[in-house]
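Close look at the chain arrangement
Letter by letter, the chains look like this.
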Amino acid sequence: MNIRTLEPGDLPAYFEHCLRHFRESGNSGDVIFHPILDFEEMNRQVEVAKMLEAITAPLGRPGWQRIWIAEIGGEIVADCLLRSSHMMPTIHRCQFAIGIERAARGQGLGRRLSMQAISWARQQSGLDWVDLWVFAHNAPAIALYEKLGFARVDVVRDQFRLLGQKVDDMHMTLSLAR
């Protein structure tokens with residue numbers, strides 16, 4: 001297993017991983033973990049251009065992203081990303097997201113990727129908070145986030161309607177106070 005920072009040349013493989021992972025949400029008995037359940041192929045050229053701009057943007061500019069990937073056998077099976085909002089007044093905060101394909105779960109990848117991203121965030125001047133949203137029924141993810149130091153902020157009841165279910169969304173945050 002190899003964990004490293006996403007490079008521009010990894011973007012096509014990264015998008016393939018994202019599509020595989022998102023398609024697992026709510027399928028074959030899997031927990032619903034993503035609000036988009038109907039996928040069409042991404043317009044790769046547009047997406048690659050947008051993502052390339054985001055992953056190379058300087059930290060102080062709205063819209064930046066940093067992504068860490070985990071590979072097994074040369075294939076991306078998990079990712080963790082931090083991204084800023086597109087509004088300058090919120091640049092001291094970033095959003096956290098993680099995705100682990102079903103076959104790669106239970107191997108500690110979530111913790112390892114998260115710790116790497118949080119460690120990086122703690123080293124960045126001007127970055128004070130990491131925020132995330134997680135479906136309130138996703139107990140394994142919530143447990144991991146709490147172990148990493150995230151605190152529950154609030155729950156938005158009935159935020160999504162997915163596969164005939166009402167899904168609550170939980171906001172959590174982590175202070176990067178040094």
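Look up: the structure comes first, before these words.
Rules used in this analysis
Residues numbered from 1 in each chain as written. Predicted model: local features only at pLDDT ≥ 70, side-chain atom pairs only at ≥ 80, totals over all residues. Heavy atoms only, no water. Helix = DSSP H or I, 4+ residues; strand = E, 2+ residues; numbered from the N terminus. Buried < 20%, exposed > 50% of the residue type's maximum accessible area, 1.4 Å probe, protein only. Contact = heavy atoms within 4.5 Å. Areas by Shrake-Rupley, 256 points an atom, 1.4 Å probe, with all protein chains shown as cover. Polar contact = N/O pair within 3.5 Å; in protein donor to acceptor, adjacent residues only side chain to side chain. Salt bridge = Lys/Arg side-chain N within 4 Å of Asp/Glu carboxyl O. Arc of directions from axis to C-beta. Phe/Tyr/Trp six-rings, centres within 6.5 Å; stacked < 30°, edge-to-face > 60°.

**Examining the overall build of the chain**
Counting secondary structure elements, the chain contains four helices and seven strands. Its helices and strands in sequence order give the chain the pattern β-α-α-β-β-β-α-β-α-β-β, from N to C terminus. By the burial criterion, 43% of the 178 residues in the chain qualify as buried. Across the chain, contacts joining residues at least 24 apart in sequence account for 61% of those joining residues at least 6 apart. Total accessible area on the chain is roughly 9500 Å²; 52% of this is exposed by carbon and sulfur atoms.

**As for unusual backbone geometry**
In this structure, Asp158 is a non-glycine residue whose phi angle is positive, near 55°. Position of Asp158 relative to the elements: it lies in strand E6 (residues 151–162). Phi at Leu163 is positive, roughly 50°, even though this residue is not glycine. Within the secondary structure layout, Leu163 lies in the loop between E6 and strand E7 (165–175). For Leu163, a relative accessible area of 53% translates into the label exposed.

**Brief notes about the side chain of Gln124**
With respect to the helices and strands, the residue Gln124 is situated in the loop between helix H3 (109–122) and strand E5 (129–135). Taking the relative accessible area as the measure of exposure, Gln124 reaches 17% and is therefore buried. A polar contact of 3.0 Å, which involves the side chain of Gln124, links it to the backbone oxygen of Trp120.

**Notes on the side chain of Asp131**
Turning to its location among the elements, Asp131 is positioned in strand E5. A relative accessible area of 9% places Asp131 in the buried class. At 2.7 Å, the side chain of Asp131 and the side chain of Arg93 are in polar contact. Here Thr173 takes part through its side chain, which lies 2.6 Å from a polar atom of the side chain of Asp131. If sequence neighbours within four positions are ignored, Asp131 has contacts with Arg93, Cys94, Gln95, Phe96, His171, Met172 and Thr173.

**Topic: the pattern of salt bridges**
Any two side chains of opposite charge can pair, given that their charged atoms come close. Evaluated as defined, the whole model comprises nine salt bridges. For Arg61, the salt bridge identified is with Glu53, shortest N-O distance 3.7 Å. In this structure, Arg157 and Asp168 form a salt bridge, with 3.0 Å as the shortest nitrogen-oxygen distance. Remark: Asp168 occurs in strand E7 and Arg157 occurs in strand E6; sequence separation between them is eleven residues. Accessibility expressed as a relative area gives 60% for Arg157, which makes it exposed.

**As for helix H4 (residues 139–147)**
Among all positions of H4, only Ala141, Ile142, Leu144 and Tyr145 are buried. Mapping the buried residues of H4 onto a view down its axis gives an arc of 160°, with all of them on the same face. Opposite the buried face of H4, at more than 90 degrees from it, the exposed residues are Pro140 and Lys147. Of the surrounding elements, those touching the buried residues of H4 are strand E4 (93–100), H3, E5, E6 and E7. Gly149 sits one or two residues past H4 and shows a positive phi near 105°.

**A word on the packing of aromatic side chains**
Counted under the stated rule, the structure contains seven aromatic pairs. Aromatic side chains Tyr14 and Phe15 sit 6.0 Å apart centroid to centroid with 55° between the ring planes, which places their arrangement in the tilted category. Here a set of aromatic residues connected by ring pairs shows up, and it is made of Trp64, Trp68 and Trp120.

Interpretation in functional terms is not warranted from these geometric data alone.
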